[in-house]
Amino acid sequence: MSDGLEGVVAAETVLSEVDAAGRLVIRGFSLDDLAGRTAFEDLVHLLFEGFFPDLPADLGPALGAARAQTFIQLQALDTGLLDLSPIEAVRALTARLPDGDDLATALRLIAAPAVFTAAVVRAQAGEAPVRPDPTLCHAADILRMMRGRPASGDEVEALDTYLVTVSDHGLNASTFAARVIASTRAGLTSAVLGGIGALKGPLHGGAPGPVIEMLDEIGEPANARAWIEGALARGDRLMGFGHRVYRSRDPRADALKGAVRRLNEGASIRPGRLAFAEAVETAALAILKARKPDRSLQTNVEFYTALLLEAVEFPPAAFTCVFAMGRVAGWIAHSREQVAGGRLIRPQSLYIGPQPRKAA
Ligand code: CMC
């Protein structure tokens, strides 16, 4: 038995390949060639090709219309939901969408985390939701709906790069959860809900919020070593470091660091913030290497995700929701692939409990 199913191949996929050497391929394109060059709408198209018969060449207008349609669901945004964390509120709102396997369902599900997160973040700050503008690209509309004002070109490009970078990543925990559910033929909404549930955990998509907490607690580079040593001595994990598959640097960390650098050059990020984060990263990598010489613990996607999402003004409590805005595309494509070619996923467990005894 493999603990945590490490190394077990549980599906064949044409969607993405995660290589331990630090390479991510999405449908035949390296992430280095996609991030910053391909719009999120085109990436969704790439992932969906062959899985929906009626896929239009330009997904932008259909996705814009799906955002407008999904906005209607916000009638269900009651005060009870606003007491939840943003990802729990988004999960609850998504659960109200009907199940289905067609393109309309898929586009509604891509729109859902975008529209719901923006509205929940605003409502929790006492502000009314902003209606989607179907003529904008997905990234521009997300920032506009969340902040109530148009975003700059640099900011839209940064969020677009982020959504593309996290759109798919092999058989990660949330994608596996979505595929298991899809394999029962439950439908895309159920599969996406399973994905959201798995993504929420701090070992998967819940890490970038705590990265900001770590940076804020460290405060200045001189404190980094002592803070990190203290955290590891308590048995804590450093959020934004380590990966199940990558044994060298997570290529997504570099793609996002590039986007954060461009924001820095355009002065769209707090002065000194990037240099400070780099100093913390350097200290963390040195300490992790000294403590775990046999396990290559490198920066993962979540470290620079935190900086990027902070710069475009998402509150840390909503970072996992933004991850869902990108990864939902992968969950849907994998679910369709599972239904098209896969059987019911039903592994075995090894019973290690007591053997039957005679009842007294
Ligand atoms: N900080 C400190 N120690 C670590 C870390 C870390 N970030 N990551 C792994 N280790 C240690 C771990 O304690 C273990 O030590 P020991 O063998 O003495 O018990 C050893 O390295 C191996 O860890 P593991 O738990 O067997 O590794 P895994 O493959 O199950 O864990 C991980 C992968 C991502 C869950 C883990 O590295 C981690 O918890 N990282 C912090 C959370 C994080 O950044 N999550 C985002 C992951 S990337 C986004 C995504 O694709 O989901």
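About the cut-offs
- Residues numbered from 1 in each chain as written.
- Predicted model: local features only at pLDDT ≥ 70, side-chain atom pairs only at ≥ 80, totals over all residues.
- Heavy atoms only, no water.
- Helix = DSSP H or I, 4+ residues; strand = E, 2+ residues; numbered from the N terminus.
- Rg over C-alpha atoms; globule rule 2.2 N^0.38 Å.
- Buried < 20%, exposed > 50% of the residue type's maximum accessible area, 1.4 Å probe, protein only.
- Contact = heavy atoms within 4.5 Å.
- Areas by Shrake-Rupley, 256 points an atom, 1.4 Å probe, with all protein chains shown as cover.
- Lys, Arg positive; Asp, Glu negative; His and termini not counted.
- Charge placed at Lys NZ, Arg CZ, Asp CG, Glu CD.
- Core = buried A, V, L, I, M, F, W, Y, C linked by side-chain atoms within 4.5 Å.
- Salt bridge = Lys/Arg side-chain N within 4 Å of Asp/Glu carboxyl O.
- Polar contact = N/O pair within 3.5 Å; in protein donor to acceptor, adjacent residues only side chain to side chain.
- Near = heavy atom within 4 Å.
- Nonpolar A, V, L, I, M, F, W, Y, C, P; charged D, E, K, R; others polar.

1. Let's talk about the overall build of the protein chain
- Along its length, the protein chain carries 16 helices and 3 strands.
- Against the 2.2 N^0.38 benchmark of 21 Å for 360 residues, the protein chain shows a C-alpha radius of gyration of 21 Å, consistent with a compact globule.
- The dimensions of the protein chain, computed from C-alpha atoms along their principal axes, are 70 × 55 × 45 Å.
- When the 360 residues of the protein chain are sorted by exposure, 51% land in the buried category.
- Within the protein chain, counting contacts between residues at least 6 apart in sequence, those at least 24 apart form 77% of the total.
- Here the protein chain has roughly 16100 Å² of accessible surface; of this, 53% comes from carbon and sulfur atoms.
- The average position of the 37 basic charges and that of the 42 acidic charges among the side chains of the protein chain differ by 7 Å.

2. Section: the nonpolar core
- Within the largest apolar cluster, 115 residues are counted, with the highest numbers of intra-cluster contacts made by Phe-48, Leu-159, Tyr-162, Ile-228, Phe-314 and Ile-332.
- When residues of this core are assigned to their parent elements, the largest contribution, 15 residues, is made by helix 6 (residues 103-124).
- Those residues in contact with Phe-48 that sit more than four places away from it in its chain are Arg-27, Leu-55, Leu-103, Ala-106, Ile-110, Ala-329, Ile-332 and Ala-333.

3. Overview of the side chain of Arg-122
- As for its position among the elements, Arg-122 is in helix 6.
- In this structure, Arg-122 is in contact with Glu-127, Ala-128, Pro-129, Val-130, Met-145, Met-146, Arg-147 and Gly-148, ignoring residues within four places of it in sequence.

4. A few points about the pattern of salt bridges
- On inspection of all chains with the given rule, the structure shows 24 salt bridges.
- Connected through salt bridges with shared partners, the residues Arg-249, Asp-254, Lys-257, Arg-261, Glu-278 and Glu-281 form a single ionic network.

5. Observations concerning the side chain of Thr-189
- Within the secondary structure layout, Thr-189 lies in helix 10 (residues 188-199).
- Polar side-chain contacts of Thr-189 include one of 2.7 Å to the backbone oxygen of Pro-98.
- Residues contacting Thr-189, with those up to four places away along its chain left out, are Thr-94, Leu-97, Pro-98, Asp-99, Thr-105 and Leu-109.

6. Topic: the site of the ligand
- What surrounds the ligand is a group of 21 residues, the closest being His-204, Arg-237, Leu-238, Arg-244 and Lys-292.
- The side chain of Arg-252 places a nitrogen or oxygen atom 3.3 Å from an oxygen atom of the ligand.
- Contact distances for the ligand include 3.1 Å between an oxygen atom and a side-chain N or O atom of Arg-295.
- Protein chains bury 76% of the 930 Å² of accessible surface belonging to the ligand in isolation.
- A class-by-class count of the residues in the shell around the ligand yields 10 nonpolar, 5 polar and 6 charged.

Take it as geometry only, folks, not as evidence of what the structure does.
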